[in-house]
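# Overview (structure and organization)
Spelled out from the first residue to the last, the chains are:
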Amino acid sequence: MHPAGSVILFTVASGLGFGLLTWLGLGLPDVRGWAAFFYYALAFALAVGGLLASTFHLGNPQRFLRAFSQWRSSWLSREGCLAVACLLVMGLFALEAVFYDAVWQPLGYIGAALSVLTVFATSMIYAQLKTVPRWNHWSTPVLFLALSLGGGGLLAGQVGPAIALLALAGVMQLFAWLSGDGRFQERGTDIGTATGLGVRGVVRAFEPPHTGNNYLLKEMVHQVGRKHAVKLRLIAFALMIAAPLVLVMISSSALMICLAVTCHALGTFAQRWLFFAEAEHVVGLYYGKR
Amino acid sequence: MTTLPETSAKKLGLVIDLDTCVGCHACVVSCKGWNTENYGAALSDQDPYGADPSGTFLNRVHSYEVQPETGTAQLIHFPKSCLHCEDAPCVTVCPTGASYKRSEDGIVLVNEDACIGCGLCAWACPYGAREMDQAAGVMKKCTLCVDRIYNGNLPEEDRVPSCVRTCPSGARHFGDLGDESSEVSQLVAARGGMDLMPELGTKPVNKYLPPRPKDVPADLDILAPYLEPVSGTQKGFLGWLDKALEKL
Ligand code: SF4
Ligand code: SF4
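Cut-offs applied
Residues numbered from 1 in each chain as written. Chains lettered and ligands numbered in written order. Predicted model: local features only at pLDDT ≥ 70, side-chain atom pairs only at ≥ 80, totals over all residues. Heavy atoms only, no water. Helix = DSSP H or I, 4+ residues; strand = E, 2+ residues; numbered from the N terminus. Rg over C-alpha atoms; globule rule 2.2 N^0.38 Å. Buried < 20%, exposed > 50% of the residue type's maximum accessible area, 1.4 Å probe, protein only. Contact = heavy atoms within 4.5 Å. Near = heavy atom within 4 Å. Nonpolar A, V, L, I, M, F, W, Y, C, P; charged D, E, K, R; others polar. Buried area = accessible area lost by both parts, 1.4 Å probe. Salt bridge = Lys/Arg side-chain N within 4 Å of Asp/Glu carboxyl O. Polar contact = N/O pair within 3.5 Å; in protein donor to acceptor, adjacent residues only side chain to side chain. Lys, Arg positive; Asp, Glu negative; His and termini not counted. Pairing = 2+ DSSP bridges. Axes fitted to C-alpha atoms, helices over the stretch in contact; angles between N-to-C directions. Expected span 1.5 Å × (residues − 1). Disulfide = S-S within 2.5 Å. Phe/Tyr/Trp six-rings, centres within 6.5 Å; stacked < 30°, edge-to-face > 60°.

If you tally the helices and strands in chain B, you get seven helices and 11 strands. Here the C-alpha atoms of chain B give a radius of gyration of 26 Å, more than 25% beyond the 18 Å that 2.2 N^0.38 yields for 248 residues. For chain B, the spread of C-alpha atoms along the three principal axes comes to 95 × 50 × 40 Å. Looking at the 248 residues of chain B, the share that counts as buried comes to 51%. The long-range fraction of contacts in chain B, counting pairs at least 24 apart against all pairs at least 6 apart in sequence, stands at 60%.

Below, the discussion takes up the site of ligand 2. Taken together, Cys94(B), Pro95(B), Thr96(B), Ala98(B), Ser99(B), Cys115(B), Ile116(B), Gly117(B), Cys118(B), Gly119(B) and Cys121(B) make up all the residues around ligand 2. When its residues are assigned to classes, the shell around ligand 2 shows seven nonpolar, four polar and no charged.

Glancing now at the interface of chain A and chain B. Taken together, the 58 residues of chain A in the interface contact 61 residues of chain B. Of all residues in chain A, Arg200(A), Tyr215(A) and Tyr286(A) give up the largest surface area on contact with chain B, accounting jointly for 16% of the area buried on that side. The interface formed by chain A and chain B contains one salt bridge. Among the salt bridges present, the one from Arg204(A) reaches Glu65(B), with a minimum N-O distance of 2.9 Å. Applying the counting criterion to the chain A and chain B interface returns 25 residue pairs in polar contact (both at pLDDT 80 or more). Broken down by secondary-structure element, the contributors of at least two residues to the side of chain A that touches chain B are α3 (75-100), α4 (105-127), α7 (191-195), β1 (202-207) and α8 (215-220) of chain A.

Let's shift gears to the side chain of Glu219(A). For Glu219(A), the location among the structural elements is in helix α8. Despite being buried, Glu219(A) has no salt bridge partner; Lys218(A) is the closest side chain of opposite charge, sitting 9.0 Å away. Residue contacts for Glu219(A): discarding those within four places in its chain leaves Met1(A), His2(A) and Trp123(B).

This part is about the sheet that holds β1(A). The strand order β1(A)-β4(B)-β5(B) describes an open sheet built from three strands, whose pairing is antiparallel. Looking along the sheet, the strands with just one partner apiece sit at the ends: β1 of chain A together with β5 (74-81) of chain B. Each adjacent strand pair in this sheet contributes to an overall mean axis angle of 35°, direction not counted. Sheet topology places β1(A) next to strand β4 (residues 59-67) of chain B; five bridges connect them, and they run antiparallel.

This part covers the site of ligand 1. Around ligand 1, 14 residues are found, and the nearest of them are Cys82(B), Leu83(B), Cys85(B), Cys90(B) and Cys125(B). Among the residues forming the shell around ligand 1, the class breakdown is 11 nonpolar, one polar and two charged.

Moving on, we get to helix α7 (residues 236-247) of chain B. The end-to-end C-alpha distance of α7(B), which contains 12 residues, comes to 17 Å, matching closely the 16 Å that a straight helix rising 1.5 Å per residue would cover. Little of α7(B) is tucked away, with one of its 12 residues classed as buried.

Here we come to the state of the cysteines. Residue and element names in this part refer to chain A. Applying the stated rule across the entire model yields zero disulfides over all chains. For cysteine 86, which is in no disulfide, the shortest distance to another cysteine sulfur is to cysteine 81 and amounts to 13 Å. The thiol sulfur of cysteine 258 is not disulfide-bonded, and the nearest other cysteine sulfur, from cysteine 263, lies at 11 Å.

With that settled, consider unusual backbone geometry. Leu28(A) connects to Pro29(A) through a cis peptide bond whose omega is 0°. Its place among the elements puts Pro29(A) in the loop between α1 (5-25) and α2 (33-54). One non-glycine residue, Met197(B), adopts positive backbone phi at about 45°. Inspection of the secondary structure assignment puts Met197(B) in the loop between α6 (183-191) and β11 (207-209). Note on Met197(B): relative accessible area 0%, which makes it buried. Located in the positive-phi region is Lys203(B), a residue other than glycine, with phi close to 50°. Relative to the assigned elements, Lys203(B) resides in the loop between α6 and β11. Given a relative accessible area of 46%, Lys203(B) falls into the partly exposed group.

With that settled, the discussion passes to the sheet that holds strand β10 (residues 172-176) of chain B. Residue and element names in this part refer to chain B. Strand order in the open sheet formed by three strands is β10-β1-β11, and the pairing between neighbours is mixed. Taken across any chain shown, the strands that pair with only one partner, and hence form the sheet edges, are β10 and β11. Each neighbouring strand pair of the sheet contributes to a mean axis angle of 25°, computed without reference to strand direction. Bridge count between strand β1 (residues 12-17) and β11: three bridges; the pairing is parallel.

Let us now look at the packing of aromatic side chains. All names here are of chain A. In the structure shown here, the tally under the stated rule is 22 aromatic pairs over all chains. Here the aromatic rings of phenylalanine 144 and phenylalanine 275 are separated by 5.4 Å at their centres, their planes lie at 65°, and the arrangement is edge-to-face. A residue pair is termed long-range when its members are at least 10 positions apart, and phenylalanine 144 in helix α5 (residues 139-155) and phenylalanine 275 in helix α10 (residues 254-277) qualify at 131 residues. Owing to a relative accessible area of 13%, phenylalanine 275 belongs among the buried residues under this scheme.

All right, on to the pairing of β4(B) then. Residue and element names in this part refer to chain B. In terms of burial, β4 is a largely internal element, seven of the nine residues being buried. Examined bridge by bridge, β4 and β5 share eight bridges and lie antiparallel to one another. Looking at the pairing, serine 63 lines up with histidine 77 of β5. Where β4 folds back onto β5 in an antiparallel hairpin, the turn is made up of six residues, including glycine 71, whose phi is positive at roughly 90°.

Here it is in structure tokens:
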């Protein structure tokens, strides 16, 4: 799949933003006044910024209101609805914390639940696609949630839980990479089933329908960059999981946490780039590619 | 609504005969023509006369080589467009309700006025049947020429999809695959029509007729026996002449 910058930015930023909102909603840390202002400003900047970035890849973004209509069937629509609901609830909660120094905690719990559900819906947009076997697995939502809550936990200064969640994310990431590498093959979809000609012999793509490029190839048969996949995996894992864990275990001072969050965010960008670049769509089979 | 209709009694679709398709791409051209001039946003081209041309097409013809265990390889031309799946994943993922499947005849369409151009439906389709138009920013796909098949202004014989009307080798058939007695259903039954990627559970309405086995006559070349090279020793006058000449 084509690793579009806007979608990478969206999933990384809003993942961290909603992760932080979850912790704030739980009252961890229970901040008021100016402190609350800075925490919530950061969380909203990340969450809203990410959502805005996601509209950059739309062909007709001015019609975005329609995307809230199909929550009964569509994970993308659900994500939009949940995100808005979460931002409204947490917006109220933030107002209370910043200006009134008194919060109604149940509101925060609802906001936290909505934040988690938003990240879950984001992950399901990818995990639901049978056409991309690498994504079509329970490990995708688990990984997205662990990263979001772990990264958000770092931002919220919840070092203990963040360490546990990042460790879980690390394990899930390794599992997702290792099990994902073979999943396309396991699913049994190949050029033979794609053309229905596999029962007759060995099928080879002889001639493509067009000599130039097209939308399908650019969007779904993105093969460039996969050659550096192993190196990038190492970089992503080191920055996203290993470095933050080591840093906050050395010391949980504000400076160390800042450093850990920066590493984590950079690593997550690399990880998300790979998430798209390494994902093979079955349509590539029609072109004799993966 | 992007939830799928429970069932549609009528299942309009195409039956494509891989045995007869000659790979001329006439259907591709006629599809592009009809769908650029009629319903919805035109099928745009980018850099059409430049070094890197590309464009939106709703139908494309691939060619495959199949090498059986024994015998010679076979070349098969393979037209591919939307299969109007019964369990269409492209419809349920759509956040806006722009993508929908009609309950009256099963045609899968995009309401271009509602499409935000997110591209998720193209990701959900296993067959590469949806292409985002780069000029209009909306999703384009085969409409089964919904603006021809019910069009009373056209002569009866033109009320079929443009590709079907155009195909010079009769490799494309249009009809109701929900009706067992229809010509297309009978064709599918007689020729063992197949689904593409059945394992993905999309239940395509369009069917593909596999190539028939090649005829292998006992002796392909009826003239061969008469053209056998003359061998052995000649008898009679010719034999004498041959020997005499050899001795010279
Ligand atoms: S072929 Fe693709 S676009 Fe057409 S109905 Fe099936 S999944 Fe949807
Ligand atoms: S590109 Fe248009 S039709 Fe496709 S899922 Fe997005 S809004 Fe729906």
